[in-house]
Amino acid sequence: PEEAVRWGESFNKLLSQKAGLDAFTRFLKTEFSEENIEFWTTCEDYKKNRASHQLIPKAKTIYETFIRKDAPKEVNLDFHMKEVTAQNITHPTLDSFDAAQAKIYRLMEQDSYPRFLRSDMYLDLIKGRQHSGLHSTKHLHSY
């Protein structure tokens, strides 16, 4: 619960802890908007690449999965941002997705994060009630 209380201090604190990221991801799944956090975490992983030959295929996969029009997990980016990102990946670098990632981060921070903080899922966490997947519980209520 103490850890969960700290997640309410800032969106960055929530995402910087695995349990917070996992809880937020579960919340987004209940809202059918998990593509945003998936895109953000995929971009974080992409920036850890040390082999430049991996950048082109990975950048293409990220673009095809999240950014192109009608992508399977299309995130909410305007036409201009999609065009800039498409140009960035013609010669990909570790920061090719930074602008798009920042836009999605702000969207989640301003929209999904406040709803998460008001959600029963989060309120139960800070009260010490555990949702399955965070900590093992000995029993679940059955009715």
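Residues numbered from 1 in each chain as written. Predicted model: local features only at pLDDT ≥ 70, side-chain atom pairs only at ≥ 80, totals over all residues. Heavy atoms only, no water.

1. Points about the overall build of the protein chain
Right, so step 1: Across its full length, the protein chain carries eight helices and zero strands.
Right, so step 2: What you see in the protein chain, going N to C, is helices and strands ordered as α-α-α-α-α-α-α-α.
Right, so step 3: Counting only residues that meet the buried cut, the protein chain has 35% of its 143 residues in that class.
Right, so step 4: Residue pairs in contact within the protein chain that sit at least 24 positions apart in sequence constitute 60% of those at least 6 positions apart.
Right, so step 5: Accessible surface, the protein chain: about 8,900 Å² in total, of which carbon and sulfur atoms supply 53%. (Helix = DSSP H or I, 4+ residues; strand = E, 2+ residues; numbered from the N terminus. Buried < 20%, exposed > 50% of the residue type's maximum accessible area, 1.4 Å probe, protein only. Contact = heavy atoms within 4.5 Å. Areas by Shrake-Rupley, 256 points an atom, 1.4 Å probe, with all protein chains shown as cover.)

2. Re the pattern of salt bridges
Right, so step 1: Applying the stated criterion across every chain yields a total of 13 salt bridges.
Right, so step 2: In this structure, Asp22 and Lys18 form a salt bridge, with 2.9 Å as the shortest nitrogen-oxygen distance. Placement of the pair is Asp22 and Lys18 together in helix α3 (residues 18-30), with a separation of four residues, close to one helical turn.
Right, so step 3: Asp98 serves as the salt-bridge partner of Lys47, at 3.7 Å between the closest nitrogen and oxygen. (Salt bridge = Lys/Arg side-chain N within 4 Å of Asp/Glu carboxyl O.)

3. Some points on the packing of helix α4 (residues 35-46) against helix α5 (residues 55-67)
Right, so step 1: Viewed as axis vectors pointing N to C, α4 and α5 meet at an angle of 170°, and their least axial separation amounts to 11 Å. Of the possible angle classes, the one that applies to α4 and α5 is roughly antiparallel. In contact with Glu35, Glu38, Phe39, Thr42 and Tyr46 of α4, α5 contributes Leu55, Lys58, Ala59, Ile62, Phe66 and Ile67.
Right, so step 2: Residues that form the contact of α4 with α5 fall into these classes: seven nonpolar, one polar and three charged. (Axes fitted to C-alpha atoms, helices over the stretch in contact; angles between N-to-C directions. Parallel < 35°, antiparallel > 145°, perpendicular 65-115°, else oblique. Nonpolar A, V, L, I, M, F, W, Y, C, P; charged D, E, K, R; others polar.)

4. What about the confidence of the model for the protein chain?
Right, so step 1: Model confidence for the protein chain is summarised by a mean pLDDT of 89, while 90% of its residues fall at 70 or above.
Right, so step 2: In the predicted structure, residues 131-143 sits below a pLDDT of 50 and forms nine contacts with residues beyond four places in sequence or in another chain. (pLDDT = per-residue confidence, 0-100.)

5. Observations regarding the nonpolar core
Right, so step 1: Phe24, Phe39 and Phe97 are the most contacted members of the largest nonpolar core, which totals 35 residues.
Right, so step 2: Counting only elements with at least two residues in this core, the list comes to α1 (2-7), α2 (11-16), α3, α4, α5, α7 (98-118) and α8 (120-126).
Right, so step 3: With residues up to four places along the chain from it excluded, the contact list for Phe39 reads Ile62, Phe66, Ile67, Val75, Phe97, Ala100, Gln101 and Ile104. (Core = buried A, V, L, I, M, F, W, Y, C linked by side-chain atoms within 4.5 Å.)

6. Here we look at the packing of aromatic side chains
Right, so step 1: Taken as a whole and assessed by the stated rule, the structure comprises 10 aromatic pairs.
Right, so step 2: With 6.4 Å between their ring centres and 40° between their planes, Trp40 and Tyr105 make a pair best called tilted. With Trp40 in helix α4 and Tyr105 in helix α7, this pair connects stretches of sequence that are 65 residues apart. Considered together, Trp40 and Tyr105 belong to a single accessibility category, that of buried residues.
Right, so step 3: Look at Phe116 and Tyr122: their rings are 5.2 Å apart centre to centre, the planes differ by 50°, and that puts the pair in the tilted class.
Right, so step 4: Classification of Tyr122 as buried rests on a relative accessible area of 5%. (Phe/Tyr/Trp six-rings, centres within 6.5 Å; stacked < 30°, edge-to-face > 60°.)

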